[in-house]
Amino acid sequence: MKNRISIFVAIFVALLISWAGVTCLQAEVGGDKSLSPYFFIKSDDAAVDQMPLKSTHVTVNISGVIADVRVTQVYKNEGKSPLEAVYIFPASTRAAVYGMRMTIGERIINAKIAKRGDARQQYENARNAGQSASLLEQQRPNVFQMNVANILPSDVIKVELQYTELLVPDGGVYGFVYPTVVGPRYSNQDAAGGDNRQGWVKNPYLHEGKAPTYTFDMKVNIAAGMPLQDVTSTSHKINVQYEGSSFSTIILDPAEKTGGNRDFILKYRLAGKRIASGLLLFEGKDENFFLLMMQPPKRPKVRQIPPREYIFIVDVSGSMRGFPLNISKKLLKDLLGNLRPTDTFNVLLFAGGSKLLSERSLQATPQNIQKAIYIIDRQRGGGGTRLLPALKRALKLPKTEGCSRSIVIATDGYVTVEEEAFDLIRHNLGKANMFTFGIGSSVNRHLIEGMARVGMGEPFVITKPEEASEKADGFRKIIQTPVLTGIKIDFGGFHVYDVEPESVPDIMAERPVIVFGKWRGRAMGRISLKGMSGDRAYIEKLDVGKVNPLKTNGALRYLWARHRITLLSDYNRLKASDERVQEVTNLGLTYNLLTAYTSFVAVDTQVRLKDGRSVMVKQPLPLPQGVSDSAVGGRARARNMGLSASLARQAPGMSLSDKFSLGLSADCAKSSQAPLAEEEARPRPRIRIGEIAASRGLDVRSVGRAIERQLPDIETCMRNISGKTGFQGGEVVFKLVVSPEGRVTKIHLLKGQKVEELIRRCIMEKLKVLTFPVSNDTGKREITVAFTIT
């Protein structure tokens, strides 16, 4: 009997290893240093202020469908050494950044737009000459870098930047999103040989759960022009004040002063679920601009729906560990559970490698759906985020005859291959529609929205588990019945040019048709919107002559230029020799906009640092809320997760299943943290979990996962100690006493007296914070766990 049980367990574990291995497949990285994020370690040098950013304040003025945003960053040097501060921060994917200024005491220096290389040179010249200066560069369309040079001791330097964006309603709901933190990006490039534009990826991060070191404040003023209702925030506590029916002021609750670790999300409706549609005109000195927003028809009823094929691509990398992966599991269960029997599907899991459910798509039978859910349920997250190979593999899968294929991607988007992904999708447009689900509290919206845009699909962002069902339902509505297809716009006597987009794609959701452009001559004529809604022809007309150009619509020039830049950047990979680079550069210089090739630079004329040089510090960033330490990846070698199973000796009071042994690799758990440069020479102790035993109903696998989550912090602690004292490895065994409330009340050392005392203390401190399920049994619960330290 025991032999049969042993064989069964061995087979079961082998199956788990086969599927769990994908979570820890990670590309081998050559060299000693890679372009990877790392954990911030506070210096012992009190003269250097390592966290010079003290606050971020955001003021948003929303007028109709246009938001104007002013971001104020305050830097203060509380140390004794002059500083150069480097701060990486995100922005909206639709932001048109048109201005920046720097304030030092009473002096205000307005920044100028310049070619990226020229702006960087001006900044470095000023820095080396002892002048205070600031430089704003775009690293991604939604990732910016601020450099502030020569912040003297006790200095307070304020840097303000301004941008505008268009608010597009979805299903009658308007949304404004202010991204607050850039999540750690996976990169397998060597620092020595990598593109210097990727250098921003190597940035310090605080550990999981640590609050931002700077304060965050937000104020939003809405002048909707129509009665407002349902003003809410799904991300932060807010206070809403109404001034009449169509004006509102929103401020953050004081409890949210450290809320800069997740996107600020504001939603509101207009009374009666109306949408502010129509024509906006701006008459400039040299050019005139228009913005057309036309209300689409109501969604048609479901009629004859052809069978569909779905390919679900799920990110199970280290950055998805915990909260984001739990959301993905909930989402996939909902999507899979609502497929029709006529549909087919497949599932592809990816991290450093990828794993496919089936070489051909399966019928959506209850058995096949349950098989997919079973596999997804067992993912824990680990390894790098190699998105491109996963996309290529999915696009090469044989297509089911007679089915319309849709590819659904669930990821946080923490990668650095946005342009490559866009290019790949663009060249495979005829093969599938692309729908993206951004999972997490601070996703890479540039990637999520860009993939959907070039793939002629729709993006969705899920920041909380409870949103998963709602978003899945929205996806089903979109995929079943598009709102408007075969769209054509006739401008009928209104003389327009440089119109974006050149052709209007099918409208999949209940949102307005949006067209930007320029016009010349008199504002006259009739615009007609034509298309098919279900099986009926649809037409809507608008009289241009009834619309007056307004000076307050000056933001249209920025929005048009930004839209043009976005298309150039999304649809093609930009190369140094590409003429599109020059076009983007010219747009940035002409319209005073931040782009990948133009930057803002502000230089103080006074020489403030006359002797010595400033110390560069990179402002440490908080991990986005819900993201674990496993997201901070770096130097790693390909290694399958060390999940081994064996039956331990049966002890009094413990069942056979309680003696299941886990061998969990710390390398997988922490996704290979990359150390600071000054730590490279330190010994790098490793810790591995050995056998675990538990009594009184404690599940060994759950215990193992809880302990595994502490491994990154344990190794960081050990590394700091070993760098100062050296260390002696070996095996160490602890017994934990767990109260009925689930807290660890005592820890006993059973073996390992020869292991360095400070190392043992590191482990014990992290084990003390573990919590376990509450038990109705008042008896003493015990856990025995062994570690091997090398």
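These numbers were taken from a predicted model, which means no experiment stands behind them.

**Things to note about the side chain of Glu-165**
Here Glu-165 is to be found in strand β10 (residues 156-166). What makes Glu-165 buried here is its relative accessible area of 1%. A distance of 3.2 Å separates a polar atom in the side chain of Glu-165 from a polar atom in the side chain of Ser-92. Excluding anything up to four places from it in sequence, Glu-165 contacts Val-65, Ile-66, Ala-67, Ser-92, Arg-94, Ala-95, Phe-176, Val-177 and Leu-559.

**A few points about the pattern of salt bridges**
Evaluated as defined, the whole model comprises 24 salt bridges. For Glu-309, the salt bridge is made with Arg-405, and the minimal N-O distance between the two is 3.0 Å. Residue Glu-309 is found in strand β20 (residues 308-315), and its partner Arg-405 is found in strand β24 (residues 404-411); the two are separated by 96 residues along the sequence. Exposure class is identical for Glu-309 and Arg-405. Each is buried.

**Observations regarding the environment of Glu-78**
Relative to the helices and strands, Glu-78 is located in the loop between β3 (66-76) and β4 (83-90). Put simply, Glu-78 and Pro-52 are 26 residues apart on the chain and 7.5 Å apart in space, counted from C-alpha to C-alpha. Those residues in contact with Glu-78 that sit more than four places away from it in its chain are Asp-49 and Lys-54.

**Re a positive patch on the surface**
Residues Lys-488, Arg-526, Lys-530, Lys-541 and Lys-546 make up a contiguous surface patch of positive charge. Here Arg-526 lies in strand β30 (residues 526-533). We classify Arg-526 as partly exposed; its relative accessible area is 45%.

**Quick notes on the sheet that holds β10**
Strands sit in the order β6-β5-β10-β3-β2-β13-β16-β15 across an open sheet of eight strands; the sheet is mixed. Each of the sheet's edge strands pairs with one partner strand only, and the pair in question is β6 (107-110) and β15 (238-242). The sheet shows a mean angle of 15° between the axes of neighbouring strands, taken without regard to direction. Sheet analysis places β15 next to strand β16 (residues 247-252), joined by five bridges and oriented antiparallel.

**Some details on the nonpolar core**
Ranked by internal contacts, the top residues of the largest apolar core, which has 93 residues, are Leu-136, Leu-166, Phe-176 and Phe-264. For this core, the leading source of residues is helix α9 (residues 555-571), giving eight residues. Ignoring any residue separated from it by four or fewer positions in sequence, one finds Leu-166 in contact with Val-65, Ile-66, Arg-94, Leu-291, Met-293, Ile-514, Phe-516 and Leu-559.

**Considerations on the confidence of the model for the protein**
With 78% of its residues at a pLDDT of 70 or more, the protein has an overall mean of 78. Of all secondary-structure elements in the protein, the lowest mean pLDDT belongs to helix α11 (residues 666-670), at 35, while strand β7 (residues 112-115) reaches the highest, 96. Considering only residues more than four positions removed or in separate chains, one finds that residues 11-33, a stretch of pLDDT under 50, has 76 contacts.

Rules used in this analysis
- Residues numbered from 1 in each chain as written.
- Predicted model: local features only at pLDDT ≥ 70, side-chain atom pairs only at ≥ 80, totals over all residues.
- Heavy atoms only, no water.
- Helix = DSSP H or I, 4+ residues; strand = E, 2+ residues; numbered from the N terminus.
- Buried < 20%, exposed > 50% of the residue type's maximum accessible area, 1.4 Å probe, protein only.
- Polar contact = N/O pair within 3.5 Å; in protein donor to acceptor, adjacent residues only side chain to side chain.
- Contact = heavy atoms within 4.5 Å.
- Salt bridge = Lys/Arg side-chain N within 4 Å of Asp/Glu carboxyl O.
- Patch = residues over 30% accessible without salt bridge, like charges linked within 9 Å, V, L, I, M, F, W, Y side chains within 5 Å.
- Areas by Shrake-Rupley, 256 points an atom, 1.4 Å probe, with all protein chains shown as cover.
- Lys, Arg positive; Asp, Glu negative; His and termini not counted.
- Charge placed at Lys NZ, Arg CZ, Asp CG, Glu CD.
- Pairing = 2+ DSSP bridges.
- Axes fitted to C-alpha atoms, helices over the stretch in contact; angles between N-to-C directions.
- Core = buried A, V, L, I, M, F, W, Y, C linked by side-chain atoms within 4.5 Å.
- pLDDT = per-residue confidence, 0-100.

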